[in-house]
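Residues per chain are reported as follows:
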Amino acid sequence: MVLTTLVMIVMRKLRHVNVTLITLSFASWGMVAALILCLHNGVFVFPYDNLTHVLLLIASGATSFLGQTFLTLGLKYENAGVVALLTNFAVVFSFIFEYIFLHISPDIYSITGGIIVIFCIILTTFRKWIGTLPDYHEVRKVFFFLLV
């Protein structure tokens, strides 16, 4: 969590740098770190025998690249808090896509965690909206405790 926060701060400071350069640097560092860890643990195996696995590796890399690019663009044009809030939806989407594509049903702990994440995102968004209302607005008076 701390490292993710530091990444968002650094990416926010680098908003004047081209998005492709930031994404390329993240991919390069990630590739070097993964290669070192794979070689150290002795688990570096390329799936030569199965074309499906190769295609899944390529698709994983492409979607990761797109995700990093969109995250960088989001931090370039929006507040870091909003982007961090919306990246929490990745947990919920991972459960949904895991169920749709892999036919793996989440257990009760995963469902509970997803509900907590969604509830917190809705509550934070609602709190931010209430903060933008004028002081005399009725909704702000009713939900004053959210602004404390």
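See the structure shown above.
Now for a look at the structure at hand. Given the structure is predicted, the values throughout are model-derived calculations rather than measurements.

So, on to the packing of helix α1 (residues 2–13) against helix α3 (residues 51–77). For the pair α1 and α3, the least separation of the axes is 8 Å and the interaxial angle reads 65°. Seen along the crossing, α1 lies across α3 with a hand that is right-handed. Side by side, α1 and α3 meet where Met-8, Met-11 and Arg-12 of the first sit next to Gln-68, Leu-71, Thr-72, Leu-75 and Lys-76 of the second. Tallied by class, residues from the contact of α1 with α3 come to four nonpolar, two polar and two charged.

Positionally, Thr-23 belongs in helix α2 (residues 19–41). Once you skip the residues sitting within four places of it in the chain, Thr-23 turns out to touch Phe-65, Gln-68, Thr-69 and Thr-72.

Further remarks concern unusual backbone geometry. Of all residues except glycine, most have a negative phi; of all peptide bonds, most are trans. Positioned with a positive phi, His-103 is a non-glycine residue whose angle comes to about 55°. Relative to the assigned elements, His-103 resides in the loop between α5 (89–102) and α6 (108–132). On the basis of relative accessible area, His-103 is assigned to the exposed category, the value being 67%.

Among the secondary structure elements, Leu-146 is positioned in the segment after α7 (138–142). C-alpha of Leu-146 to C-alpha of Gln-68: the two residues are 78 residues apart in sequence and 33 Å apart in space. Apart from the residues lying within four places of it in its own chain, the contact partners of Leu-146 are Leu-123, Phe-126, Arg-127 and Ile-130.

Taken as a whole and assessed by the stated rule, the structure comprises six aromatic pairs. For the ring pair Phe-126 and Phe-143, a centre distance of 5.0 Å and an interplane angle of 85° mean the geometry is edge-to-face. Linking Phe-126 in helix α6 with Phe-143 in the segment after α7, this pair joins segments that are 17 residues apart in sequence. The class of Phe-143 is partly exposed, set by a relative accessible area of 29%. A network of ring pairs unites the aromatic residues Phe-126, Trp-129, Phe-143, Phe-144 and Phe-145 as a single cluster.

The rules behind the values
Residues numbered from 1 in each chain as written. Predicted model: local features only at pLDDT ≥ 70, side-chain atom pairs only at ≥ 80, totals over all residues. Heavy atoms only, no water. Axes fitted to C-alpha atoms, helices over the stretch in contact; angles between N-to-C directions. Helix = DSSP H or I, 4+ residues; strand = E, 2+ residues; numbered from the N terminus. Left-handed = near helix turned anticlockwise from the far one by under 90°. Contact = heavy atoms within 4.5 Å. Nonpolar A, V, L, I, M, F, W, Y, C, P; charged D, E, K, R; others polar. Buried < 20%, exposed > 50% of the residue type's maximum accessible area, 1.4 Å probe, protein only. Phe/Tyr/Trp six-rings, centres within 6.5 Å; stacked < 30°, edge-to-face > 60°.

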